[in-house]
Structures are given as C-alpha cells and as structure tokens.
Amino acid sequence: GNALLADCESQNPSIRNFCWGYIAGVADALAGAVDGAMHGVTVSAHKTNCFPKAVTMRQTTDIVVAYLKNNPQNRHRVASEHIENALSERFPCR
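Being a predicted model, the structure only gives us computed values, none of them experimental.

1. Some remarks on the pattern of salt bridges
It is possible for side chains bearing opposite charge to pair when their charged atoms get close. Using the criterion set out here, one finds three salt bridges in the structure. Two residues, Asp 62 and Arg 58, come together in a salt bridge whose shortest N-O distance is 3.1 Å. A residue pair is termed a helical-turn pair when its members lie 3 or 4 positions apart in one helix, as Asp 62 and Arg 58 do in helix 3 (residues 57-70) at four residues. Here Glu 81 makes a salt bridge to Arg 77, at a shortest N to O gap of 3.5 Å. On the basis of relative accessibility, which here comes to 28%, the residue Glu 81 falls in the partly exposed class.

As structure tokens, this is what we get:
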C-alpha cells in the first residue's frame, strides 16, 4: 500500500502510469471474478465489487488513492488488498 500510494502521487509520469496500470489490472481481475461468479464459476471467498462499466480509470484510481490516504494504519499490507477493499466499499454487490 505504501509503495502504491507513493507511485500514484509521484511527479514522474512513468511511475504514475505504473500506478494506474497496476490498479487497472487488479480491478480488471476483480471484475472478471465477479462476472465469473454470476455465471456459476467458483471464485475465491474474497470480497467482491460491482462497479459500473461507466466508471473511468481516473475515478478508480481516485477511489483507491483516497482509500489509501484514509487508512494509513493498514498501508503496510499488500497493494492488491487495498484495491479490492476500496472498490468493495465504494461499489458493493447487492
């Protein structure tokens, strides 16, 4: 989490692009898990999110960065966990 937040806030465009790409990859994998679960495919017991297709990459990044800033006590944990938690909180499946 700490490294991802630093990358996302970097003034270096290449490092910032890494942040966006990492978040996009994890978000895409989570979306695939949700789609699979809806079609009877077994997925992990992790939280899922149901974010709308119209959500932009910029919005997704903003949500993740805000989550990281608002949860400094947990930033030592793995970055993908933060992405999953941030999206699950913002776009819970009903």
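2. Things to note about helix 4 (residues 79-90)
With twelve residues, helix 4 should reach 16 Å at 1.5 Å per residue; the first-to-last C-alpha distance of 17 Å fits that figure. Within helix 4 the residues assigned to the buried category are Ala 79, His 82, Ile 83, Glu 84, Asn 85, Ala 86, Leu 87 and Ser 88.

3. Here we look at the state of the cysteines
Disulfides are covalent bonds that link the sulfur atoms of two cysteine residues. This model, assessed by the stated rule, comprises one disulfide. One disulfide in the model links Cys 8 with Cys 19; its S-S distance is 1.8 Å. Classification of the bridge connecting Cys 8 and Cys 19 rests on its S-S torsion, roughly 80°, and on that basis the disulfide is right-handed. Of this pair, Cys 8 sits in helix 1 (residues 2-8) while Cys 19 sits in helix 2 (residues 13-38), placing them eleven residues apart in sequence. The pair formed by Cys 8 and Cys 19 is uniform in burial state, with each residue classed as buried.

What counts and how
Residues numbered from 1 in each chain as written. Predicted model: local features only at pLDDT ≥ 70, side-chain atom pairs only at ≥ 80, totals over all residues. Heavy atoms only, no water. Salt bridge = Lys/Arg side-chain N within 4 Å of Asp/Glu carboxyl O. Helix = DSSP H or I, 4+ residues; strand = E, 2+ residues; numbered from the N terminus. Buried < 20%, exposed > 50% of the residue type's maximum accessible area, 1.4 Å probe, protein only. Expected span 1.5 Å × (residues − 1). Disulfide = S-S within 2.5 Å.

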